Amino acid sequence: MRILLHQCCGPCSVFPVKELKNGGHDITAYFFNPNIHPLTELFARFEQAVLFNRAEKLKMIMDDTYGLIDFARTAAFHENSRCLPCYSVRVDRAAELAAKNGFDCFSTTLLYSRYQKHELIIEACEAAAEKHGIKFHYEDWRCGWQYGIDESKRLEMYRQKYCGCIYSEQEAYQTRLGKKFAALKKES
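Now for a quick tour of the structure. Since the model is a prediction, treat every value here as computed from it, not as a measurement. (Residues numbered from 1 in each chain as written. Predicted model: local features only at pLDDT ≥ 70, side-chain atom pairs only at ≥ 80, totals over all residues. Heavy atoms only, no water.)

### Overview of the side chain of Thr 108
Alright, step 1. Mapped onto the secondary structure, Thr 108 falls in strand S4 (residues 105-108).
Alright, step 2. There is a polar contact of 2.8 Å between the side chain of Thr 108 and the side chain of His 6.
Alright, step 3. Contacts of Thr 108, omitting those with residues within four sequence positions, involve Leu 5, His 6, Val 91, Ile 121, Cys 125 and Trp 141. (Helix = DSSP H or I, 4+ residues; strand = E, 2+ residues; numbered from the N terminus. Polar contact = N/O pair within 3.5 Å; in protein donor to acceptor, adjacent residues only side chain to side chain. Contact = heavy atoms within 4.5 Å.)

Following this line, the structure appears as structure tokens:
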């Protein structure tokens with residue numbers, strides 16, 4: 001099958017690409033993640049995806065749109081339910097692109113992460129598939145979580161510390177930095 005694979009980043013692509021290649025699929029990678037904050041983080045992930053795709057000899061469609069304003073408008077006052085719209089905008093664009101360019105199906109590396117909301121990703125992909133009249137290729141790649149981590153470290157890939165949006169950045173660092181701030185407060 002000719003598959004358009006939405007990539008959230010290089011490290012999350014390691015296991016899905018391995019599995020899809022083992023399945024004999026013709027893969028084209030698609031990088032589109034307008035939710036990622038800050039801009040420097042978007043470009044760090046973009047660069048790593050490009051390097052990974054070159055090493056794997058994957059065709060790539062690149063969209064480095066910085067969508068902070070649109071994402072913030074969507075998520076404002078809905079911070080606790082921000083994930084479905086975030087997944088939807090990305091996989092909808094992938095499904096649209098796949099349908100317009102004659103791919104057999106589309107999928108996303110978001111399905112690899114143990115930290116993502118798996119059922120919401122499936123829901124977003126199924127809605128996009130129906131909307132654009134294209135097949136959604138589902139595989140649960142979470143079983144390869146450790147393989148992907150180990151291989152991305154071996155390859156010395158840039159590995160992000162949070163999902164991508166400004167809210168996930170806060171969640172990821174709040175506990176770590178909160179402990180440092182508490183220690184500094186005690187010292188002053």
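### Section: the layout of surface pockets
Alright, step 1. The volume enclosed by the largest pocket comes to roughly 680 Å³.
Alright, step 2. Listing elements by their share of the lining of the largest pocket, those giving two or more residues are helix H4 (83-100), helix H6 (145-154) and helix H7 (166-187).
Alright, step 3. Of the residues in the lining of the largest pocket, the class split is 17 nonpolar, 8 polar and 9 charged.
Alright, step 4. Looking at the second largest pocket, its volume works out to about 170 Å³.
Alright, step 5. Phe 32, Pro 34, Asn 35, Thr 65, Gly 67, Asp 70, Phe 71, Thr 74, Pro 85, Cys 86, Val 89 and Arg 93 together form the lining of the second largest pocket.
Alright, step 6. For the lining of the second largest pocket, the secondary-structure elements that each account for two or more residues are helix H3 (68-75) and H4.
Alright, step 7. Examining the composition of the lining of the second largest pocket, we find that 4 residues originate from one element, H4, more than from any other.
Alright, step 8. Grouping the constituent residues of the lining of the second largest pocket by class yields 6 nonpolar, 4 polar and 2 charged. (1 Å grid on protein atoms, 1.4 Å probe; cavity = no way out; pocket = protein on both sides within 12 Å on 5 of 7 lines; lining within 4 Å. Points joined across faces, edges and corners; volume = space filled by probe spheres on them. Nonpolar A, V, L, I, M, F, W, Y, C, P; charged D, E, K, R; others polar.)

### Here's the deal with the nonpolar core
Alright, step 1. Counting residues in hydrophobic clusters, the biggest one holds 40 residues, and the most contacted among them are Leu 4, Ile 27, Phe 106, Tyr 112, Phe 136 and Trp 141.
Alright, step 2. When residues no more than four places from it in sequence are discounted, the contact partners of Phe 136 are Phe 106, Ser 107, Leu 111, Ile 122, Cys 125, Glu 126 and Ala 129. (Core = buried A, V, L, I, M, F, W, Y, C linked by side-chain atoms within 4.5 Å. Buried < 20%, exposed > 50% of the residue type's maximum accessible area, 1.4 Å probe, protein only.)

### Concerning H6
Alright, step 1. Taken together, the buried positions of H6 are occupied by Trp 145, Gly 148, Ile 149, Glu 151 and Ser 152.
Alright, step 2. Next to the buried residues of H6 lie helix H1 (14-22).
Alright, step 3. Glu 156 sits one or two positions beyond H6 and adopts a positive phi of about 55°.

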